[in-house]
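Report on the structure
Residue strings, one per chain:
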Amino acid sequence: AEERRLRQVSERQAEENARLLAELKERQRLLDRLGDLRRSISLRAPLNEVQDAIVDGACELIGVEVASLRLIDPDDRGFTVMVAHRGISEAMLAHMYRARLDLGVSGRAIQHDRLVLADDYGSEPGMHPVLSENGLVTAMAVPVREEGLVVGSLTVATFRPGRHYSQAEKDLLVALSEMANIALTEASMVAAIRHQAFHDSLTGLANRTLFIDHVELGLARARRRPDGKVGLLFIDIDNFKTL
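Owing to the predicted nature of the structure, the values given are computational and were not obtained by experimental measurement. (Residues numbered from 1 in each chain as written. Predicted model: local features only at pLDDT ≥ 70, side-chain atom pairs only at ≥ 80, totals over all residues. Heavy atoms only, no water.)

**Brief notes about the pattern of salt bridges**
As enumerated under the stated definition, the model contains eight salt bridges in all. Measuring nitrogen to oxygen at the nearest pair gives 3.1 Å for the salt bridge that ties Arg98 to Asp73. With Arg98 in strand β3 (residues 98-100) and Asp73 in the loop between β1 (66-72) and β2 (79-86), the pair connects residues that are 25 residues apart, well separated along the chain. By relative accessible area, Arg98 is classed as partly exposed at 38%. (Salt bridge = Lys/Arg side-chain N within 4 Å of Asp/Glu carboxyl O. Helix = DSSP H or I, 4+ residues; strand = E, 2+ residues; numbered from the N terminus. Buried < 20%, exposed > 50% of the residue type's maximum accessible area, 1.4 Å probe, protein only.)

What follows is the structure, given as structure tokens:
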């Protein structure tokens, strides 16, 4: 009896050790994936590549087949546009690329500036009809910021029945949204610096540096073409400096 009890204790200990090892491996995988995203941002990879990586990371790390990153339309702040997505068919995307700000969990996350969860998407009021009609089961979204202001949302969702999100998965989505915050803020800063470098501060017009850059680009393209020609139109405005 004592031998059997010791064997059972040993088996339980082995199972616990195996569980802890699996948890450590999963935690390391998460840390590695987040580290890759941080490196992409720190190396100033193109914004669209970082946005795609964040959406891919959300699908992989949270274990869903659908994810999207939406930003408020700067030309009409009552709408959002989808800048990155996974798991959305072209047919669905045609109806979802631009959406009203008050539609779905993504819009609610922006409006309420908090994590929003829909455990039964089809029965929730105000959800996107295309997703409801296609049988989306659950979704959650968190706001995304740029320089502290809410400018969009990161959403994950699934068509698989019985899927619920743990607190760890909610925390992970928040962490991924913070990556998007950093990437958008970095991109905004780079764009501002670039604009200052290539535009006149008084008029906002392209300056000599940008002109020379464009001329050199035009000449380089001309060299690669069979005719090897490039045109330049010069307009002189009298007394412009006085103006």
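**A closer look at the packing of aromatic side chains**
The final tally for this structure, using the stated rule, is zero aromatic pairs. Note that Arg98 overlies the ring of Phe79, its terminal NZ or CZ placed 4.0 Å from the centroid. (Phe/Tyr/Trp six-rings, centres within 6.5 Å; stacked < 30°, edge-to-face > 60°. Lys NZ or Arg CZ within 6 Å of the ring centre and 35° of its normal.)

**Quick look at helix α4 (residues 104-112)**
In an α-helix, one turn spans 3.6 residues, which is why side chains three or four residues apart end up on the same side. When we look at burial in α4, the residues that qualify are Gly104, Val105, Ser106, Gly107, Ala109 and Ile110. Packing partners of the buried residues in α4 comprise β1, β2, β4 (116-118), β5 (138-146) and β6 (149-158). A positive backbone phi angle near 55° is found at Asp113, which sits one or two residues after α4. (Contact = heavy atoms within 4.5 Å.)

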